Amino acid sequence: MNVYDSERMAEALGGQGYVSTNTPDDADMILLNTCHIREKAAEKIYSELGRYKGLKAEKPDLKIGVAGCVAQAEGAEIVRRQPMVDLVVGPQSYHKLPQMEARVQTGRRAIDTDFPEEDKFEHLTKRPKARRGPTAFLTVQEGCDKFCAFCVVPYTRGAEVSRPAEQILVEAAELVDRGVRELTLLGQNVNAYHGHADGLAGLIWKLSDIDGLERIRFTTSHPNDMDDALINAHRDCPKLMPYLHLPVQSGSDRILKAMNRKHTAAEYIDLINRIRDAKPDLLLSGDFIVGFPGETDADFEDTMTLVREVGYGQAYSFKYSARPGTPAAEREDVPADVADERLQRLQALLSDQQKAAQNAMVGRNTTVLFEKTGREAGQLVGKSEHLQAVHVVGNIDLIGTVQSVRITTAMTNSLEGELL
Ligand code: SAH
Ligand code: SF4
């Protein structure tokens, strides 16, 4: 979502004459877009800011801003730790960047971390008409009301809000006019989308009517919002790709309860079985947290058991990170070495499963949307239906098109194939 937000922020400042630069040295303004989900990501911004101190000393007119969820959560702290910061803008206020930029130009500081009443999307500048690459992100839902015990999202992104379907359809059609062939619909809880009477499935069906749009994906979903209409869309909508990111976080009922996830491991597995019945060839991806406060060896083994039972083609796993203001931050941490060891074991298992999913592609035919040229001469790179990177030898004209490919070789992080 930060990629999408960064695009929109750059566009919002385009009206003031700003264009993107390739290096910080060329910039009149440096705007860091930030993530607060884990401590490591949040702390990175202070070292990043430190890197620009010298540049700011050389070029006093250079403006430095911090955007995103760290700005939202730690605005005052950022200015205290790095007084050279001119601008702080939260993820729901960035449509105000033009006014904030004008204020900053008068030598004052601009801070806005409100959750405004108005819809920022209605106030953002119109998107440019220039040609662009074949894939794009499109935010359809933001925020979260679920309050998992470990998570900052409900505090930094605010309450769950869905954009109206009509607004999204206009933006999607414009992106397709500019060359986009694949859209990934984004939301912190994207399948809780309710801007269409039939929820996310209703929106997906509407989008699938757009000529020229060939592929639709969505992320990130919560198991409890995975309704039958969405499961059926995976079965029936040819443009909806057979890939689903459905985080479970833990396989232990005790930990799921402590996390406030509001479902059990058995309910999750039952859901996966129903989804796979509807769409057998679906690649499943997930998120896991190890070392959540109170996690015992037995709880962790339950996670390993769930992973073995489900089988993931892709996964993200993290060591629990205590986040200020969340209920779990008050609880006692699992010792770091125990959490480290668990993470390594889980990652080894997930990586074996990912390799098996890659190997299973060899000899299969799939379709690939080509996005760019590869590192080697004559090589093209694109994504399979299952979101795996695929390399082939082919003509550059195929960029932006979907082609049938036979997979010949599986590598650790990508596949090789031949055009059919
Ligand atoms: N809405 C999604 C997740 C969004 S946050 C869901 O409910 O599943 C993305 C991922 O970051 C989460 O799935 C979780 O695995 C991880 N994450 C969030 N907070 C974390 C924390 N405090 N420590 C470690 N990982 C965390
Ligand atoms: Fe965070 Fe996802 Fe839980 Fe919402 S549902 S609080 S975004 S982990």
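Keep in mind the model is a prediction, meaning the values are calculated, not measured. (Residues numbered from 1 in each chain as written. Chains lettered and ligands numbered in written order. Predicted model: local features only at pLDDT ≥ 70, side-chain atom pairs only at ≥ 80, totals over all residues. Heavy atoms only, no water.)

**Observations concerning the pattern of salt bridges**
Phase 1: This structure, assessed with the given rule, holds 28 salt bridges.
Phase 2: Residue E182 pairs with R217 through a salt bridge whose shortest N-O separation is 3.0 Å. One end of the pair, E182, is in strand β8 (residues 182-186); the other, R217, is in strand β9 (residues 215-219), with 35 residues separating them in the sequence.
Phase 3: Taking relative accessible area as the criterion, E182 reaches 3% and is therefore assigned buried.
Phase 4: On the basis of relative accessibility, which here comes to 6%, the residue R217 falls in the buried class.
Phase 5: Taken together, the shared-partner salt bridges connect E7, R8, E11, R127, R132, R163 and E171 into one network. (Salt bridge = Lys/Arg side-chain N within 4 Å of Asp/Glu carboxyl O. Helix = DSSP H or I, 4+ residues; strand = E, 2+ residues; numbered from the N terminus. Buried < 20%, exposed > 50% of the residue type's maximum accessible area, 1.4 Å probe, protein only.)

**With respect to the site of ligand 2**
Phase 1: Residues in contact with ligand 2, as listed here, are C144, K146, F147, C148, F150, C151, V153, P154, N189, H222 and R261.
Phase 2: For the shell around ligand 2, a count of residues per class yields seven nonpolar, two polar and two charged. (Near = heavy atom within 4 Å. Nonpolar A, V, L, I, M, F, W, Y, C, P; charged D, E, K, R; others polar.)

**Comments concerning helix α14 (residues 336-359)**
Phase 1: Between its first and last C-alpha atoms α14 spans 34 Å; for 24 residues at 1.5 Å apiece the expected length is 34 Å, and the two agree.
Phase 2: Listed in full, the buried residues belonging to α14 are A339, R342, L343, L346, L349, L350, Q353, Q354, A357 and Q358.
Phase 3: Contact partners of the buried residues in α14: β11 (283-290), α13 (297-310), β12 (314-319), β16 (402-410) and β17 (414-419). (Expected span 1.5 Å × (residues − 1). Contact = heavy atoms within 4.5 Å.)

**Re the site of ligand 1**
Phase 1: Near ligand 1 you find 16 residues, and of these Q188, Q249, R261, D287 and S321 are the closest.
Phase 2: Here an oxygen atom of ligand 1 and a side-chain polar atom of R38 are 3.2 Å apart.
Phase 3: Q188 places a main-chain nitrogen or oxygen 2.6 Å from a nitrogen atom of ligand 1.
Phase 4: In the complex, 90% of the free accessible area of ligand 1, which totals 540 Å², lies under the protein chains.
Phase 5: Among the elements of the structure, β11 and β12 are those that each provide at least two residues to the shell around ligand 1. (Polar contact = N/O pair within 3.5 Å; in protein donor to acceptor, adjacent residues only side chain to side chain. Areas by Shrake-Rupley, 256 points an atom, 1.4 Å probe, with all protein chains shown as cover.)

**A short note on the environment of F318**
Phase 1: Structurally, the position occupied by F318 is in strand β12.
Phase 2: Spatially, the C-alpha atom of F318 lies 29 Å from that of M9, the residues being 309 residues apart in sequence.
Phase 3: Aside from chain neighbours lying at most four places away, what touches F318 is R38, D287, F288, I289, V290 and L343.

**So, the sheet that holds strand β3 (residues 87-89)**
Phase 1: Strand order in the open sheet made by the four strands is β1-β2-β3-β4, with parallel pairing throughout. Each having just a single partner strand, β1 (29-34) and β4 (110-112) make up the two edges of the open sheet. Put simply, the sheet's adjacent strands are angled 15 degrees from each other on average, direction ignored.
Phase 2: Sitting on the sheet, helix α2 (residues 39-51) touches β1 and β2 (63-68), and the angle it makes with β1 is about 165 degrees.
Phase 3: Against the sheet, helix α5 (residues 97-105) contacts β1, β2, β3 and β4, and its axis sits at roughly 165 degrees relative to β3. (Pairing = 2+ DSSP bridges. Axes fitted to C-alpha atoms, helices over the stretch in contact; angles between N-to-C directions.)

**A closer look at the side chain of D112**
Phase 1: Considering the arrangement of structural elements, one finds D112 in strand β4.
Phase 2: On the basis of relative accessible area, D112 is assigned to the buried category, the value being 12%.
Phase 3: Among the polar contacts made by the side chain of D112, one reaches the main-chain amide nitrogen of D114 at a distance of 3.0 Å.
Phase 4: With sequence-adjacent residues up to four places away left out, D112 is seen in contact with V88, V89, G90, S93, K96 and M100.

**Brief notes about the layout of surface pockets**
Phase 1: Size it by volume and the second largest pocket reaches roughly 570 Å³.
Phase 2: Surrounding the second largest pocket, 23 residues form its lining, V19, S20, T21, M29 and L31 being those nearest its centre.
Phase 3: Put simply, the parts of the chain that give the lining of the second largest pocket at least two residues each are α1 (2-14) and β1.
Phase 4: Here the residues of the lining of the second largest pocket are counted per class, giving twelve nonpolar, nine polar and two charged. (1 Å grid on protein atoms, 1.4 Å probe; cavity = no way out; pocket = protein on both sides within 12 Å on 5 of 7 lines; lining within 4 Å. Points joined across faces, edges and corners; volume = space filled by probe spheres on them.)

**Considering the packing of aromatic side chains**
Phase 1: Under the defined criterion, the tally for this structure stands at four aromatic pairs.
Phase 2: Where F150 meets F292, the ring centres are 6.3 Å apart and the plane angle is 85 degrees; that geometry is what we call edge-to-face. With F150 in the loop between β6 (141-142) and α7 (153-156) and F292 in the loop between β11 and α13, the pair connects residues that are 142 residues apart, well separated along the chain. Judged on exposure class, the residue F150 and its partner F292 are both buried.
Phase 3: Members of the aromatic cluster, connected to one another through ring pairs, are F150, F292 and Y320.
Phase 4: The residue whose ring lies beneath R38 is F318, and the NZ or CZ to ring-centre distance is 3.6 Å.
Phase 5: We note R163 situated over the ring of F121; from NZ or CZ to the ring centre the distance is 3.7 Å. (Phe/Tyr/Trp six-rings, centres within 6.5 Å; stacked < 30°, edge-to-face > 60°. Lys NZ or Arg CZ within 6 Å of the ring centre and 35° of its normal.)

**Quick notes on the domain arrangement of the protein**
Phase 1: With domains assigned, the protein is organised as domain 1 (2-112), domain 2 (120-359) and domain 3 (365-419).
Phase 2: For domain 1 versus domain 3, the distance between C-alpha centres works out to 36 Å. (Domains from an automatic or database assignment.)

**Quick notes on the pairing of strand β13 (residues 365-373)**
Residues in a regular strand project their side chains so that they alternate between the two faces of the sheet.
Phase 1: With five bridges joining them, β13 and β16 adopt antiparallel strand pairing. Within β16, the position partnered with T367 by the bridge is S404.
Phase 2: Between β13 and strand β14 (residues 379-384), which pair antiparallel one after the other, the connecting turn spans five residues, and G378 there sits at a positive phi close to 80 degrees.

**A few points about the nonpolar core**
Phase 1: Within the largest apolar cluster, 70 residues are counted, with the highest numbers of intra-cluster contacts made by L185, F218 and Y312.
Phase 2: Element by element, the count of residues in this core is highest for helix α12 (residues 265-278), at seven residues.
Phase 3: With residues up to four places along the chain from it excluded, the contact list for Y312 reads V248, Y268, L284, S285, G286, F288, L306, V307, L350, Q353 and Q354.
Phase 4: Counting 19 residues, the second-largest nonpolar core is a separate cluster that includes A27, A42, A71 and I78. (Core = buried A, V, L, I, M, F, W, Y, C linked by side-chain atoms within 4.5 Å.)

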